[in-house]
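# A structural walkthrough
Here's the letter readout for the chains.
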Amino acid sequence: MSGKDERREGRYDVPLTMAGPGAEPARRNGHRRPTAAGRPRATDQAATDEPDTAATDEPVAGTNGDAVDGEPDTAATDEPVARSDAGGSHVPGPATSAEGGVVAPPGPAVADRRDHWDRRVAGGLAFLRRRLSGDYEVDEFGFDPDLTDAVFHPLVRLLYRDWFRTEVGGLENVPTDGPALVVGNHSGTVALDALILSTALHDRHPGRRYLRLLGADLVFRMPVVSEIARKTGGTVACNPDAERLLGNGELVGVFPEGFKGIGKLYSDRYKLQRFGRGGFVSAALRTGTPIVPVAIVGGEEIYPMLADLKPLARLLKLPYFPVTPTFPWLGPLGMVPLPSKWLIEFCPPIPTAHLTDSADDPLVVFNLADQVRETIQQTLHKLLERRPDPFGP
């Protein structure tokens, strides 16, 4: 019969005894029972007349780690061992569950995620409370900052940050406060570049500034789109509204190419179209507002426009009807933008305060508009050199 079988039968060379307080620990084969690895003898406990839990409460382990009843010696293998410091004080091990397993405290990442979701839920409830109670402000143009921050920007943020992986540069050229006219190139078949620009500017700029976009008349004739545009700070692209916003110290965004920019074919990508009559320049001159050109690379590839069905566009009273690699062939799925890489660069501002008396001079207006257009075009070329692959990282 093997030694393991003898232990199961209860035969030992030296009988085991249940020791009381201060008694000699149980012995087997004339030797003191070995303690678990790394655990000192409970000498401090014996000195204070406390029960020697190592000798009484834990099962006696065999040489192969089996206890008397054949189960593993959890005291020697699985359970955390309490340690004593140099002064003999008792330092407890990790907390254990009711089943005896170690309960690890939540790590920093788990705690951060919990805090993040707690903050989001609390913010959502606070937003609903404000909307139901009417505790929010809307300006004379219909701009609702509370709705923009809570609903509009989070949705667009998923696009510009995660889908388009947008990089923004030159933010130091956008004033921290006071008025400025931001002039950008327009592209993409669907005017997502205006939404991306406004959200990225608000998120990345130190002043968290809102960009008040000027839109075409068609935008404000569409029932649902018109309401969204007004709530998010947009207004009709006309000189009186632009001058009022600039006079109030707002940051105003305009895309002088209009539908000619977003409705051009993919073969004409990143070639700026004519800037119209330069009405945006007149608004800047009358208010002495600096003009900040901005170049946007990435919008041309989201819906590459291969053809324009003009007869269908006239039938639907649209400026163009696009045909792309995915639309109309895939139906609603064709409206999903392709994940192109976006680069946005704000150029140094062009001052106009010294030209306020020339706001009605066509030559001055034309020259200034041409300077803005050329600045944007040259910046586009530089950004395209930085981004050789439209769908790269």
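An unreviewed UniProt entry annotates the protein chain as Lysophospholipid acyltransferase family protein originating from Micromonospora coerulea.

### Quick word on the overall build of the protein chain
Within the protein chain, the regular secondary structure consists of 13 helices and 13 strands. Among the 393 residues that make up the protein chain, the fraction classed as buried is 38%. For the protein chain, long-range pairs separated by at least 24 residues make up 72% of all intrachain contacts whose partners lie at least 6 apart in sequence. Here the protein chain has roughly 22000 Å² of accessible surface; of this, 58% comes from carbon and sulfur atoms.

### A short note on the environment of F327
Mapping F327 onto the fold places it in the loop between strand 12 (322-323) and strand 13 (343-346). Contact partners of F327, with chain neighbours within four places excluded, come to F321, P322, G334 and M335.

### Focus: helix 6 (residues 145-163)
Along its length, helix 6 shows its largest kink, about 40°, at H153, and proline P154 lies within four residues downstream of that point. Looking only at helix 6, the buried set comprises D146, T148, F152, H153, V156, R157 and Y160. Buried residues along helix 6 sit against helix 5 (108-133), helix 7 (192-204) and helix 8 (223-231). The distance from a side-chain oxygen at the start of helix 6 to the backbone nitrogen of D146 is 3.3 Å, and the residue carrying that oxygen is D144. Directly beyond the C-terminal end of helix 6, a positive phi value near 50° is found at R165.

### Regarding the sheet that holds strand 8 (residues 235-236)
Pairing within the open sheet is mixed, and its seven strands lie in the order 5-13-10-6-9-7-8. The open sheet has two edge strands, strand 5 (167-169) and strand 8, and neither has a second partner. Strand direction decides the pairing type here: strand 7 (residues 211-215) and strand 9 (residues 251-254), joined by three bridges, are parallel. Note that in strand 9 the partner of R212 across the bridge is V252.

### Description of helix 13 (residues 362-386)
Think of an α-helix as turning once every 3.6 residues; residues three or four places apart then point the same way. Its 25 residues give helix 13 an end-to-end C-alpha distance of 37 Å, which sits within 8% of 36 Å, the value for a rise of 1.5 Å per residue. Buried within helix 13 are the following residues: V364, V365, L368, A369, V372, I376, Q377, T379, L380 and L383. The residue sitting at the N-terminus of helix 13 and contributing the capping side-chain oxygen is D361; that oxygen lies 3.1 Å from the backbone nitrogen of L363.

### Overview of the nonpolar core
L181, V183, F280, I291 and I376 are the most contacted members of the largest nonpolar core, which totals 31 residues. Secondary structure elements with two or more residues in this core: strand 6 (180-184), helix 9 (239-247), strand 9, helix 11 (279-287), strand 10 (291-297) and helix 13. In terms of residues, this core owes the most to one element, helix 13, which gives eight residues. Every residue in contact with I376, bar those within four places of it in the chain, is listed here: V183, G184, N185, L272, F275, P293, V294 and A295. Grouped together as the second largest cluster of nonpolar side chains are 26 residues, V174, I196, L213 and L251 included.

About the cut-offs
Residues numbered from 1 in each chain as written. Predicted model: local features only at pLDDT ≥ 70, side-chain atom pairs only at ≥ 80, totals over all residues. Heavy atoms only, no water. Helix = DSSP H or I, 4+ residues; strand = E, 2+ residues; numbered from the N terminus. Buried < 20%, exposed > 50% of the residue type's maximum accessible area, 1.4 Å probe, protein only. Contact = heavy atoms within 4.5 Å. Areas by Shrake-Rupley, 256 points an atom, 1.4 Å probe, with all protein chains shown as cover. Bend = angle between axes of the 7 residues up to and from the residue. Polar contact = N/O pair within 3.5 Å; in protein donor to acceptor, adjacent residues only side chain to side chain. Pairing = 2+ DSSP bridges. Expected span 1.5 Å × (residues − 1). Core = buried A, V, L, I, M, F, W, Y, C linked by side-chain atoms within 4.5 Å.

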